[in-house]
Amino acid sequence: MPVEQILSNARLVTADRVFLGSVVLRDGMIVDLAEGRSQLPQAQDLGGDFLLPGLVELHTDNLEKHMTPRPGVDWPSTSAVLSHDAQIIAAGITTVFDAVSIGDVNPRGNRMQKLPAMLNAIASAQEAGLTRAEHRLHLRCELCHPDTLSVFRDLVENPLVQLVSVMDHSPGQRQFVLESKYREYYMGKYHLNDETMDAFIVLQMANSKAYSERYRAAIVEHCLVRGLSVASHDDATLAHVEESARYGMSIAEFPTTLEAARGCRQLGMNVLMGAPNVVRGGSHSGNVAAAGLAAEGLLDILSSDYYPASLLQAAFVLADQQDGGDLSRAVRMISQAPARAAGLHDRGEIAIGLRADLVQARSREGLPVVQQVWRQAKRVF
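Quantities reported herein were computed from a predicted structural model and do not represent experimental measurements.

If you tally the helices and strands in the chain, you get 13 helices and 16 strands. Against the compact-globule benchmark of 21 Å for 381 residues, the chain has a radius of gyration of 21 Å, which places it among compact chains. By its C-alpha atoms, the chain is 70 × 45 × 40 Å across when sized along the principal axes. Looking at the chain as a whole, 55% of its 381 residues are labelled buried. Long-range pairs, those at least 24 residues apart, make up 64% of the contacts in the chain with a sequence separation of at least 6. For the chain, the computed accessible surface area is about 16300 Å², with 50% contributed by carbon and sulfur atoms.

Tallied over the entire structure, the rule returns 2 aromatic pairs. Considering the side-chain rings of Phe50 and Phe316, the 5.4 Å spacing of their centres and the 85° angle between planes classify their relative orientation as edge-to-face. Placement of the pair is Phe50 in strand β5 (residues 50-53) and Phe316 in helix α11 (residues 310-321), with a sequence separation of 266 residues. Under the relative-accessibility criterion, Phe316 is labelled buried at 10%. Sitting above the plane of the Phe19 ring, Arg17 keeps its charged end 4.0 Å from the centroid.

With that settled, consider helix α4 (residues 148-155). Looking at α4, one finds that the buried residues are Thr148, Leu149, Val151, Phe152 and Leu155. Buried positions in α4, seen along its axis, are confined to an arc of 165° and lie on one side of it. Of the exposed residues in α4, those oriented more than 90 degrees away from the buried face are Arg153 and Asp154.

Attention now moves to empty space enclosed by the protein. Scanning all chains against the criterion turns up 2 cavities of 30 Å³ or more. Lining the second largest cavity, in full, are Val13, Thr14, Ala15, Pro53, Ser328, Val331, Arg332, Ser335, Gln336, Gly348 and Glu349. A per-element tally of the lining of the second largest cavity places helix α12 (residues 327-332) first, with 3 residues. When the residues that make up the lining of the second largest cavity are grouped by side-chain class, the tally is 4 nonpolar, 5 polar and 2 charged.

Pairing within the open sheet is parallel, and its 8 strands lie in the order β6-β7-β8-β9-β10-β11-β12-β13. Looking at strand neighbours, the two that pair on one side only are β6 (55-60) and β13 (301-303), the edges of this open sheet. Within this sheet the neighbouring strands show an average axis-to-axis angle of 25°, counted without direction. The sheet contact formed by strand β12 (residues 270-274) and β13 spans 3 bridges and is parallel. Within the sheet, the bridge partner assigned to Leu272 lies in β13 and is Ile301.

Moving on, we get to the nonpolar core. The biggest cluster of nonpolar side chains holds 76 residues, and the ones touching the most others in it are Leu139, Phe152, Val164, Ile219, Leu299 and Leu302. Examining the composition of this core, we find that 7 residues originate from one element, α11, more than from any other. Filtering out sequence-adjacent residues up to four positions away, Leu299 remains in contact with Arg265, Val271, Met273, Ala290, Leu293, Ala294, Leu318 and Met333.

Within this structure, the stated rule accounts for 14 salt bridges. When the shortest N-O distance is used, the salt bridge between Arg340 and Glu349 registers 3.3 Å. For Arg340, a relative accessible area of 25% puts it in the partly exposed group. Note on Glu349: relative accessible area 18%, which makes it buried. In this structure, a network of salt bridges that share partners links the residues Glu134, Arg136, Asp346, Arg347, Arg355, Asp357 and Arg375.

Put simply, α4 and helix α6 (residues 194-226) touch, their axes get as near as 10 Å, and they point 10° apart. Put simply, α4 runs roughly parallel to α6. Taken together, the residues of α6 that come into contact with α4 (itself represented by Thr148, Leu149, Phe152 and Arg153) are Tyr215, Ala218, Ile219, His222 and Cys223. Residue composition of the contact of α4 with α6, grouped by class: 6 nonpolar, 2 polar and 1 charged.

Rules used throughout
- Residues numbered from 1 in each chain as written.
- Predicted model: local features only at pLDDT ≥ 70, side-chain atom pairs only at ≥ 80, totals over all residues.
- Heavy atoms only, no water.
- Helix = DSSP H or I, 4+ residues; strand = E, 2+ residues; numbered from the N terminus.
- Rg over C-alpha atoms; globule rule 2.2 N^0.38 Å.
- Buried < 20%, exposed > 50% of the residue type's maximum accessible area, 1.4 Å probe, protein only.
- Contact = heavy atoms within 4.5 Å.
- Areas by Shrake-Rupley, 256 points an atom, 1.4 Å probe, with all protein chains shown as cover.
- Phe/Tyr/Trp six-rings, centres within 6.5 Å; stacked < 30°, edge-to-face > 60°.
- Lys NZ or Arg CZ within 6 Å of the ring centre and 35° of its normal.
- Arc of directions from axis to C-beta.
- 1 Å grid on protein atoms, 1.4 Å probe; cavity = no way out; pocket = protein on both sides within 12 Å on 5 of 7 lines; lining within 4 Å.
- Points joined across faces, edges and corners; volume = space filled by probe spheres on them.
- Nonpolar A, V, L, I, M, F, W, Y, C, P; charged D, E, K, R; others polar.
- Pairing = 2+ DSSP bridges.
- Axes fitted to C-alpha atoms, helices over the stretch in contact; angles between N-to-C directions.
- Core = buried A, V, L, I, M, F, W, Y, C linked by side-chain atoms within 4.5 Å.
- Salt bridge = Lys/Arg side-chain N within 4 Å of Asp/Glu carboxyl O.
- Parallel < 35°, antiparallel > 145°, perpendicular 65-115°, else oblique.

That's the geometry; what it means functionally is another story.
Printed below as a string of structure tokens:
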């Protein structure tokens, strides 16, 4: 007989409402929902805590921090993956798209050399059953790097790849319309002096002119043929958004202005913003505030980006800021919406017939604290 679990006395956060109820799990799936407490003796009492769908993360570079915990330090790959996985699942994230960068613009970086080890470690750890979250791959393609297209073609056939984003971080583009901001950012990030920064700018502008448009077209065409979701990155103007929409992109990552976000809504693109932006009360780089876009009805998806625990916290922050405190709406941004945008229709909400990916969270002075996590009805935290 299949093992059945009953989780009771929880505030269930479904796609359209929050209510005190119980959920029945069997064979890794949600098979029943009911209002009120279960009277069955085997039911697990969750003490009135929130029960949410497992979170879905589309864009995190958290793994890279574990692969290189300090400059010049390369950590053993499998150990890094498992450490990253533990942090992800503790944040309530049950499906994670690990973002790996193709095309390193860092003049002293070695991201490209580390890619094979990183991807092999993710695949082997998951195949061996060592990971607690389900890992997918998100290929972040820097268009102004000469090797991006060839490396993309080598990696895109990996069965874990399900999301691709394209970006151009050369001066005068999107996030860095002002060269002064570009210079300030990269001199600080890579510790370049004026002379090396001048040479860096010349090289990036030349590479952008030589490769960016050609690579964008080739990468997007390949993805659409394979049925992969494609995202733009740092759209700043309506023209940027219109270009992304013409290419058939369905997700706009981190639009930098209200104009761009409004354009995304008009053209049917999902707007993805950073959860740290919400938690901190604004963008660290001075771009548009995610909470402001949410208030305008222009925010669809949240991503933890560089801080996994921010994802769940941001949803509670947004719910608190909304009239009537609509937690269901905020939670959709970290579960159902990212799942659907990535083509995953078997998870992302608490509903009969979907996967039993669940998070028990207790609110302490407005801060959600993860208590338990289940993936396909198996407790993993």
